[in-house]
Amino acid sequence: MPHADTLTVVHHDDTRTSYTDVRYQLHRDGIRIWSADGEHAITDILMTHAYRQREARAS
């Protein structure tokens, strides 16, 4: 299950919902998100933006 430091869900009416430090699962009917606030199931999705900040590796 992917992890995102920041996840933004863009809904069909162009509103946005943002989450931080989440795990998520995209599926045909929408997205399921697990955050500190609990579990969220969203079905009216236009698109999502997920970002994960990674530590730079030393060469």
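Residues numbered from 1 in each chain as written. Predicted model: local features only at pLDDT ≥ 70, side-chain atom pairs only at ≥ 80, totals over all residues. Heavy atoms only, no water.

1. Considering the overall build of the chain
The number of helices and strands found in the chain is zero helices and five strands. Helices (α) and strands (β) of the chain occur, in sequence order from the N terminus, as β-β-β-β-β. With respect to the principal axes defined by its C-alpha atoms, the chain has extents near 45 × 20 × 20 Å. Taken as a whole, the chain presents about 4,600 Å² of accessible surface, with 44% of it coming from carbon and sulfur. If the 7 positive side-chain charges of the chain are averaged to one point and the 9 negative ones to another, these points end up 10 Å apart. (Helix = DSSP H or I, 4+ residues; strand = E, 2+ residues; numbered from the N terminus. Areas by Shrake-Rupley, 256 points an atom, 1.4 Å probe, with all protein chains shown as cover. Lys, Arg positive; Asp, Glu negative; His and termini not counted. Charge placed at Lys NZ, Arg CZ, Asp CG, Glu CD.)

2. Quick notes on the pattern of salt bridges
A complete count under the given rule lists one salt bridge for this structure. A salt bridge links Arg 32 to Glu 39, with the nearest nitrogen and oxygen atoms 2.7 Å apart. Overall, the relative accessible area of 28% leaves Arg 32 in the partly exposed class. With relative accessibility at 47%, the residue Glu 39 sits in the partly exposed group. (Salt bridge = Lys/Arg side-chain N within 4 Å of Asp/Glu carboxyl O. Buried < 20%, exposed > 50% of the residue type's maximum accessible area, 1.4 Å probe, protein only.)

3. Observations regarding the pairing of strand E3 (residues 30-35)
As defined by bridge partners, strand E2 (residues 16-27) adjoins E3 across five bridges and the pair is classed as antiparallel. For His 27, the partnering residue across the bridge sits in E3 and is Gly 30. Between the antiparallel neighbours E2 and E3 lie two residues. Taken together, the five bridges between E3 and strand E4 (residues 38-42) define a ladder with antiparallel strand orientation. Counted as the bridge partner of Ile 31 is Ile 42 from E4. With antiparallel pairing between neighbouring strands as the criterion, E3 and E4 make up a hairpin whose turn holds two residues. (Pairing = 2+ DSSP bridges.)

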